[in-house]
Amino acid sequence: MTKIDKVLYTGRTHTTGGRDGASRSTDGRLDIKLSPPGSAGAGTNPEQLFAAGWSACFIGAIGLAAGKRKVALPADLAVDTQVDLGTKDGAYFLQARLCVSLPGLDRELAQSLVNEAHQTCPYSKATRGNINVDLSVV
């Protein structure tokens with residue numbers, strides 16, 4: 001396990017009620033209701049939050065990879081992330097798909113940026129070897 005030398009930021013939340021509850025950041029910038037996936041509840045769920053965080057971080061990692069190559073990224077760069085919650089043999093698991101859109105970039109270059117981002121993105125590192133992840137350039 002890698003030990004961090006310097007902490008750059010710590011996200012802090014207080015959550016109550018689990019999947020039928022609420023979560024609020026200590027700075028008040030995040031204040032959400034939670035609902036189980038597929039329910040009629042008005043809140044989001046942990047899988048959606050994880051997908052949003054991962055895709056935002058992944059775009060940052062693509063930016064770092066592009067910067068090294070002095071490649072300008074398209075303004076409409078997007079990552080559509082799907083995080084599945086499922087079961088196998090009665091145990092719960094996650095799996096994910098990240099579909100990256102880099103309009104106007106050569107497909108080989110786009111794939112190279114995505115591959116490098118997957119090696120450097122902290123969310124990708126955290127999931128590597130733990131869940132199935134499918135990356136695609138669309």
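Above: the structure in question.
Residues numbered from 1 in each chain as written. Predicted model: local features only at pLDDT ≥ 70, side-chain atom pairs only at ≥ 80, totals over all residues. Heavy atoms only, no water.

Draft legend 1. Quick look at the packing of aromatic side chains. By the definition in use, this model includes two aromatic pairs. An angle of 50 degrees between the planes, with centres 5.4 Å apart, marks the rings of Phe50 and Trp54 as tilted. One end of the pair, Phe50, and the other, Trp54, are both in helix α1 (residues 46-69), four residues apart, so they sit about a helical turn from each other. Note on Phe50 and Tyr123: the rings are 5.8 Å apart at their centroids and 45 degrees apart in plane angle, and the pair reads as tilted. Of this pair, Phe50 sits in helix α1 while Tyr123 sits in helix α3 (residues 122-127); the two residues are 73 residues apart in sequence, bridging distant segments of the chain. A relative accessible area of 31% means that Tyr123 is categorised as partly exposed. Three or more aromatic residues joined by ring pairs make a cluster, and in this case those are Phe50, Trp54 and Tyr123. (Phe/Tyr/Trp six-rings, centres within 6.5 Å; stacked < 30°, edge-to-face > 60°. Helix = DSSP H or I, 4+ residues; strand = E, 2+ residues; numbered from the N terminus. Buried < 20%, exposed > 50% of the residue type's maximum accessible area, 1.4 Å probe, protein only.)

From the geometry alone we can't say anything about function, so treat these as descriptive.
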